[in-house]
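Fold and geometry: a report
What follows is the residue order along each chain.
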Amino acid sequence: MSTISNRKIVIPVLILLAVFFPLMTQNNTYIIHVMTLSFIWMIGVYGLNLLAGYTGYLSLAHAGFFAIGAYSLGILTVKAQMNFWLAFLLALVITSVIGLIVGIIALRTKEHFFAIYTLCLGYILYLVIDKWESLTEGVRGLIGIPAPANIGPIKFDNELSNYYLVLVFLLLVVLVMYRIIHSLSGRTYIAIRNSEDLAQTIGISTMKNKLTVFVLSTFFAGLSGALYASFVRFIGPDIGAIQITFDLLTYLLVGGIGTLTGPIVGTLLIVWLSQFLQDLQDQRMLIFGPILTLLVIFYPRGIVGGVSSLFQMIRSKGSQKSTTVSKGRTAKEMVIEKNTISDKQVKEG
Amino acid sequence: MLKLNNVSVKYGSFTAVHDINIEVNAGEIVVLLGANGAGKSTTFRTISGLSKPAVGEVLFEGEKINRKSADQIVQLGIGQCPEGRKLFPAMSVEENLNMGAYVHRRKKGQIKQSLEHVYELFPILKDKRHDAAGSLSGGQQQMVAIGRALMSKPKVMLLDEPSIGLAPLIVEQMFEVIQKINKEGTTILLAEQNANAALKIADKGYVFENGSIVLKGTSAELFANDEVRKAYIGA
């Protein structure tokens, strides 16, 4: 049970690290800016993770919903001159409602067909944003989106305050995800990923559960988009492009699909790596492509999955040493254990 | 209690089950015999709502259920234990069992009682309750599958080939437990290839061949039938 006590120490340490991160960088605006952006991406990746990682439905329309969240906020504040936080709330509602309508149709398909359907859908969302000039200003984009309005005495007029605002939202998202994954709902979603027929025969209404996950996932995408719009203060139709979906998917795959910490690890790694490789903008895919392929082949559950199976192996070897005399496990048992452990990470990673 | 009237099921243009009539009365053990691909599993899929009949109707306690979704049918009281011991391999034994009580998820007290009941039937599962279901032996996995079906407190339990791939001794134990579950008040519909073991505990049976029922009768009648003996018992 050392994992639990470890977790009790690790999580507060990570949070403290995130809180004091700006101080450590001596308020370097560039670093804080990149960090804030990666936190925003993480929120979107968590949405994708819940749907693709836990429920087994790979949605390629995720950037579309990200863009809907961003544009809803942009249009409501810039064109309708609405109060920021009201617009923020409405942006989330709009994204979720569109998610609900789309979900009802999209979830009639499964597996590859679901991926293909959502791929088309994502492209349609992008085209609508790109071509509907009277509403979205088309390729010119929306300029002058206001920064988050003051909450009482707290102002969001600089990088640092925005960093903490986004961090608070990210922590909330992680908390919500943690609660979902460790509840009956989480096991229900895993059951659906496992086998929909089987889930149905034990009485799970798969459509209702899948729709809930789909809407939640679009809600996270919308939240991520709205935060992006208020942070960057300028949005163009590019944020809805399929490229963004694949970026998010890469973060998820590298970090570990279907793991709780995967989105954080993957996003941080790729975002910072991209920053270091900025001079090689055109060639960076030459590096990422092979790395991603190798990772998927050798560590299908990403870095988090790989590391935790390594820990499990070390631990089971350790416990085997101490119990060989008393228990004397057979080699076969060990093999079985290893197989099941890699499955177990799905929940625990 | 459970009745299939003139049911036909099609996969595309292929008729998997043709014009079958089955009647299961409360308290009975009814066995469906037949080789692979004879239509037993399709019949089960139809009762549990995964496949819809092209013709005919399925009645449960007088109510027509063939338009209902699979999860609604579980709520009505038809529990299924699917073929091939399909479990959730990543979840622990206890989590698997608790998933079986999904339709009763708000009744925590009842779930605890059902869980104790399953552990009484299969004491080994209590020892292994924190192990991943995927790490168990075939027989133990079958126990989890039956236990999980019991957790939904079904009035009728559908058991699809519980003996498949198990050692003879384990098969015997499994059928003893099935008999015990039946005595405690659960009606049982069983699909089997192991006619010898199944007919010993069943009240009556239906013989499937190429998607149709070719023979029906009490266990004694079927046991005495030459064709059945030749095809399924090998004596």
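In what follows, the structure referred to is the one given above.
These numbers come from a predicted model, not from an experiment. (Residues numbered from 1 in each chain as written. Chains lettered and ligands numbered in written order. Predicted model: local features only at pLDDT ≥ 70, side-chain atom pairs only at ≥ 80, totals over all residues.)

Moving on: the sheet that holds strand β2 (residues 14-24) of chain B. All names here are of chain B. Here we have four strands laid out as an open sheet, ordered β2-β1-β4-β5, and antiparallel in their pairing. The sheet is open, and its two borders are formed by β2 and β5 (63-64), each paired with just one other strand. The pairing of strand β1 (residues 2-11) with β2 spans seven bridges and is antiparallel. Residue pairing for β2: Lys3 is matched across the bridge by Glu23. (Pairing = 2+ DSSP bridges. Helix = DSSP H or I, 4+ residues; strand = E, 2+ residues; numbered from the N terminus.)

Listed by partner, the interface residues are 24 residues for chain B and 22 residues for chain A. Looking at the side of chain B that touches chain A, the elements with two or more residues in it are α2 (70-76) and α3 (93-100) of chain B. Of all the elements, α2(B) adds the most residues to the side of chain B that touches chain A, at four residues. (Contact = placed C-beta atoms within 7 Å.)

Quick look at the sheet that holds strand β10 (residues 212-218) of chain B now. Residue and element names in this part refer to chain B. Taken in spatial order, the six strands of this open sheet run β6-β7-β8-β3-β9-β10, and their pairing is mixed. Edge positions in the sheet fall to β6 (78-81) and β10, since each of these pairs with one other strand and no more. Taken pair by pair, the neighbouring strands of this sheet meet at an average axis angle of 15°, ignoring direction. Bridging between strand β3 (residues 29-33) and strand β8 (residues 187-192) involves five bridges; their strand directions are parallel. Its bridge partner lying in β8, Ile29 is registered against Ile188. Packed on one face of the sheet, helix α6 (residues 138-150) meets β6 and β7 (156-160) and runs near 170° to β6. (Axes fitted to C-alpha atoms, helices over the stretch in contact; angles between N-to-C directions.)

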